[in-house]
Amino acid sequence: MSVRFSWCGGEVGAWSILVHGGAGDLPPERREAHAAGCREAARLGAEILAAGGSALDAVQAAVTFLEDDPRYNAGTGASLDERGELSLDAAVMDGATLAVGGVCALPPFRNPIAIAREVLRDGRHVLYAGEGAARFAEERGFFRADPATMITETARARLEETRRGQDGNWADGTVGAVARDISGHLAAATSTGGTVGKRYGRVGDTPIPGAGTYADDLAAAASGTGYGEGYLRTGICLRACLWIQEGKTPQEAAETAIRMLWKRAQARGGILLVAPDGRLALARSTETMSWGACWASLEHLTAGS
Ligand code: GLY
């Protein structure tokens, strides 16, 4: 499996943000709109960074925007599990302190990334699951959502196709972001509904530090999207960050990660990276992975799929 596409950007010493809207195989007519959403998410994060805000706030803002957009597999519009229900995974990590917060198998809440951020802020534990995660969220003032307001017709149709064996259970549309702020701190955030028709209780790579999300100011920050079991087996986000710490360029690290995912775990997908100096890179082995980026100035706003 070869790297189908890779990209690098950013500027040494500047703030930067890179956002993804999921690796997959979008039909050509949906690609432009998917990229436009990522561009807008990157712009929202960039406005925070340009005003001197933190990388953590920037990645949360970008992911929140995509969770609220029903075209992506996160928050509203997320994939359904084998029961036809939402079971959401999300994590956010602070590269300055290695503080990390995650939720997994979360019942419907509108913005899982906001709950993950509260887990990070609280600091007692790293990851909450299922009803325990829901209880934590409610204690902190979050409200359960009516599933009918979050489940889309598209998500129901994808589940039916998967049940009939007409479609893979590909998790395209997972969303994520990595950023460096002007103080040099890194952060990463990722949110997903997981694979379509996944077994009840399945947890993917997204909320697991080092698998689907990772940030360390001394190494890099990463967000993954793709076949989560492969990301879990390889710990690929942590590996890619360490390759940058050891001297690989962000683009070399991203491409190496994508090749290793296929070679060692037969997994396809994509990865985003930001280095401690602000350089950005992404790579994917899938047909598409919508993305948006911005660095140094709001004029440097770009996107693709
Ligand atoms: N990468 C998202 C998932 O497999 O759940």
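Structural data are supplied above this passage.
It should be emphasised that the depicted structure is a prediction, and the values quoted were computed from it without experimental measurement. (Residues numbered from 1 in each chain as written. Predicted model: local features only at pLDDT ≥ 70, side-chain atom pairs only at ≥ 80, totals over all residues. Heavy atoms only, no water.)

### Regarding helix H9 (residues 250–265)
Next up, step 1: A rise of 1.5 Å per residue sets the reference length of H9, with its 16 residues, at 22 Å; its end C-alpha atoms lie 22 Å apart and thus fit the reference within 8%.
Next up, step 2: Looking at the buried residues of H9, the elements they touch are strand S1 (5–9), helix H7 (228–234), helix H8 (236–245), strand S10 (269–274) and strand S11 (280–284). (Helix = DSSP H or I, 4+ residues; strand = E, 2+ residues; numbered from the N terminus. Expected span 1.5 Å × (residues − 1). Contact = heavy atoms within 4.5 Å.)

### Overview of the sheet that holds S1
Think of a sheet as strands paired side by side through backbone hydrogen bonds, with each pair either parallel or antiparallel.
Next up, step 1: If you walk across this open sheet you meet the five strands as S1-S11-S10-S9-S8, and the pairing is antiparallel. Each edge of the open sheet carries a strand with a single partner, namely S1 and strand S8 (213–216). Taking each pair of neighbouring strands and ignoring which way they run, the sheet shows an average axis angle of 10 degrees.
Next up, step 2: Sheet analysis places S8 next to strand S9 (residues 220–226), joined by four bridges and oriented antiparallel. When the sheet's bridge partners are listed, Ala-215 is paired in S9 with Ala-221.
Next up, step 3: Of the strands in this sheet, S8, S9 and S10 are in contact with H8, which crosses S9 at around 145 degrees.
Next up, step 4: Of the strands in this sheet, S1, S10 and S11 touch H9, which is tilted by about 20 degrees from S11. (Pairing = 2+ DSSP bridges. Axes fitted to C-alpha atoms, helices over the stretch in contact; angles between N-to-C directions.)

### Regarding empty space enclosed by the protein
Next up, step 1: In total, this model carries one cavity of 30 Å³ or more according to the counting rule given.
Next up, step 2: Volume-wise, the largest cavity comes out at about 80 Å³.
Next up, step 3: If you trace the largest cavity, you find 14 residues lining it, with Thr-192, Gly-194, Asp-205, Thr-206 and Gly-226 closest to the centre.
Next up, step 4: In terms of residue count, the dominant contributor to the lining of the largest cavity is S9 (three residues). (1 Å grid on protein atoms, 1.4 Å probe; cavity = no way out; pocket = protein on both sides within 12 Å on 5 of 7 lines; lining within 4 Å. Points joined across faces, edges and corners; volume = space filled by probe spheres on them.)

### Topic: the pairing of strand S7 (residues 186–192)
Next up, step 1: Counting buried residues along S7, seven of its seven residues qualify, which places the element largely inside the surrounding structure.
Next up, step 2: Burial along S7 is two-sided: Leu-186, Ala-188, Thr-190 and Thr-192 and Ala-187, Ala-189 and Ser-191, pointing in opposite directions, are all buried.
Next up, step 3: Pairing of strand S3 (residues 88–94) with S7, which is carried by six bridges, proceeds in the antiparallel orientation. In the strand pairing of S7, Ala-90 is matched with Ser-191.
Next up, step 4: With antiparallel pairing between neighbouring strands as the criterion, strand S6 (residues 175–180) and S7 make up a hairpin whose turn holds five residues, including Gly-184 at a positive phi of roughly 90 degrees. (Buried < 20%, exposed > 50% of the residue type's maximum accessible area, 1.4 Å probe, protein only.)

### Thoughts on the site of the ligand
Next up, step 1: Around the ligand, the neighbouring residues are Thr-174, Gly-194, Arg-202, Gly-204, Asp-205, Thr-206, Gly-226 and Gly-228.
Next up, step 2: Between the ligand and Gly-226 there is a distance of 2.8 Å, counted from a nitrogen atom to a backbone nitrogen or oxygen.
Next up, step 3: One can see that the ligand is located within the largest cavity.
Next up, step 4: Here the shell around the ligand is composed, by residue class, of no nonpolar, six polar and two charged. (Near = heavy atom within 4 Å. Polar contact = N/O pair within 3.5 Å; in protein donor to acceptor, adjacent residues only side chain to side chain. Sits in = over half its atoms within 2 Å of the grid points. Nonpolar A, V, L, I, M, F, W, Y, C, P; charged D, E, K, R; others polar.)

### A look at the layout of surface pockets
Next up, step 1: Of the voids in this model, the largest pocket is the one considered here, and its volume is about 330 Å³.
Next up, step 2: Lining the largest pocket are 21 residues; nearest its centre among them are Arg-30, Pro-70, Arg-71, Thr-154 and Arg-158.
Next up, step 3: For the lining of the largest pocket, the secondary-structure elements that each account for two or more residues are strand S2 (16–24), helix H1 (28–50) and helix H6 (153–163).
Next up, step 4: Class assignment of the residues belonging to the lining of the largest pocket gives a composition of eight nonpolar, nine polar and four charged.

Just distances and angles here, no functional claims.
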